[in-house]
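# Breakdown of the fold
The residues making up each chain are set out below.
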Amino acid sequence: MSDQPERWTLATVYPDMWMDPADDPRDNEGPAPDGELPTLRDAITNYRLTLRLKCQGLDAEQLARRSVPPSTMSLLGLVRHLAEVERDWHNWITDGEPLPKLYGARDADFHGAVADQAVVDAAFADLEREQAALDATLARHSDDLGRRLGRQHLAVREVLVHMIDEYARHCGHADLLRECVDGRVGQ
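Criteria and thresholds
Residues numbered from 1 in each chain as written. Predicted model: local features only at pLDDT ≥ 70, side-chain atom pairs only at ≥ 80, totals over all residues. Heavy atoms only, no water. Helix = DSSP H or I, 4+ residues; strand = E, 2+ residues; numbered from the N terminus. Rg over C-alpha atoms; globule rule 2.2 N^0.38 Å. Buried < 20%, exposed > 50% of the residue type's maximum accessible area, 1.4 Å probe, protein only. Contact = heavy atoms within 4.5 Å. Areas by Shrake-Rupley, 256 points an atom, 1.4 Å probe, with all protein chains shown as cover. Lys, Arg positive; Asp, Glu negative; His and termini not counted. Charge placed at Lys NZ, Arg CZ, Asp CG, Glu CD. Axes fitted to C-alpha atoms, helices over the stretch in contact; angles between N-to-C directions. Parallel < 35°, antiparallel > 145°, perpendicular 65-115°, else oblique. Left-handed = near helix turned anticlockwise from the far one by under 90°. Nonpolar A, V, L, I, M, F, W, Y, C, P; charged D, E, K, R; others polar. Salt bridge = Lys/Arg side-chain N within 4 Å of Asp/Glu carboxyl O. Core = buried A, V, L, I, M, F, W, Y, C linked by side-chain atoms within 4.5 Å. Phe/Tyr/Trp six-rings, centres within 6.5 Å; stacked < 30°, edge-to-face > 60°. Lys NZ or Arg CZ within 6 Å of the ring centre and 35° of its normal.

### Some words on the overall build of the protein chain
The helix and strand tally for the protein chain stands at six helices and two strands. Beginning at the N terminus, the succession of helices and strands in the protein chain can be written as α-α-α-α-α-β-β-α. Against the globule reference of 16 Å for 187 residues, the protein chain gives a C-alpha radius of gyration of 18 Å, in line with a compact fold. Dimensions of the protein chain along its principal axes, counting C-alpha atoms only, are 55 × 45 × 25 Å. Across the 187 residues that make up the protein chain, the buried fraction comes to 44%. Of all intrachain contacts in the protein chain linking residues separated by at least 6 positions in sequence, the fraction that spans at least 24 positions is 71%. Roughly 10100 Å² of accessible area belongs to the protein chain as shown, and the carbon and sulfur atoms make up 55% of that amount. One finds the centroid of the 21 positive side-chain charges in the protein chain at a distance of 4 Å from the centroid of its 34 negative side-chain charges.

See below:
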């Protein structure tokens, strides 16, 4: 008997997908967004939702389960890490005093991702709050994607593209982590 989970999916139409297209809450049907800003916003929205989907239906222990030694990566760690990333980008494009790190020292986002429902709830609340804060700041400047913001003088476009990069990379990690947890695979 193997301790590796059997591969599975919720999809019935396409067995290599996470779920059937009709059940997918991401907006992948219909016409593509028209214009640069709507395209960038659509991409970040879909990646953010993809991360949530990859965590859906798992308990605290499963979310906190580490991948392979020596990595400290877990789905819960990714949620905490991306909350920290959202805060970092927000700090870089504002003129005020930067907010402190959410989880403290380097890699604390992963090291503190423990199998405790309170930690899980806090991580998702942190992620939602930090996403809203960054989105609100970017929305105030979305009339000019080339506008440079904050002490780092980053363009709005640059921030959005970097956020898409960050989520895309970590959604790939989330695919593998989820498959290790319970065998679920797909888009």
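Next, the rest of the story.
### Observations regarding the environment of Thr9
With respect to the helices and strands, the residue Thr9 is situated in the segment before helix 1 (36-55). Counting along the chain gives 10 residues from Thr9 to Met19, while the straight-line C-alpha distance between them is 6.6 Å. Excluding its chain neighbours within four sequence positions, the residues that come into contact with Thr9 are Pro15, Met17, Trp18, Met19 and Val185.

### Brief notes about the packing of helix 3 (residues 75-93) against helix 5 (residues 117-139)
Two elements in contact, helix 3 and helix 5, have axes separated by 8 Å at closest approach and are oriented at 25 degrees. Between helix 3 and helix 5, the angle is such that the two are roughly parallel. The handedness of the crossing between helix 3 and helix 5 comes out as left-handed. Partitioning the contact of helix 3 with helix 5 into residue classes produces 14 nonpolar, three polar and six charged.

### A closer look at the pattern of salt bridges
Within this structure, the stated rule accounts for 14 salt bridges. Arg157 is paired through a salt bridge with Glu36; the nearest N and O atoms lie 2.5 Å apart. Pair noted here: Arg157 is in helix 6 (residues 156-182) and Glu36 is in helix 1, with a separation of 121 residues, a long-range link. Through salt bridges with shared partners, one network takes in Arg87, Asp126, Arg129 and Glu130.

### Here's the deal with the nonpolar core
The nonpolar side chains of a soluble globular protein tend to be buried with one another. Core analysis: the largest hydrophobic core is formed by 43 residues, its most contacted members being Leu51, Leu63, Leu76, Val159 and Met163. Taken together, the elements giving at least two residues each to this core come down to helix 1, helix 2 (60-64), helix 3, helix 4 (108-111), helix 5 and helix 6. The element best represented in this core is helix 6, accounting for 10 residues. Excluding residues within four positions of it along the chain, Met163 makes contact with Ile44, Val85, Glu86, Trp89 and Leu134.

### Side note on the packing of aromatic side chains
Counted by the stated rule, this structure contains one aromatic pair. With a centroid separation of 4.9 Å and an interplanar angle of 80 degrees, the aromatic rings of Trp89 and Trp92 are classed as edge-to-face. With Trp89 and Trp92 both in helix 3 and three residues apart, this pair spans about one turn of that helix. A relative accessible area of 11% places Trp89 in the buried class. A cation over an aromatic ring shows up here: Arg80 above the ring of Tyr103, its NZ or CZ 3.9 Å from the ring centre.

### Focus on unusual backbone geometry
Although it is not a glycine, Asp107 sits at a positive phi angle of roughly 70 degrees. With respect to the helices and strands, Asp107 occurs in the loop between helix 3 and helix 4. Non-glycine residue His153 carries a positive phi angle of around 55 degrees. What makes His153 exposed here is its relative accessible area of 52%.

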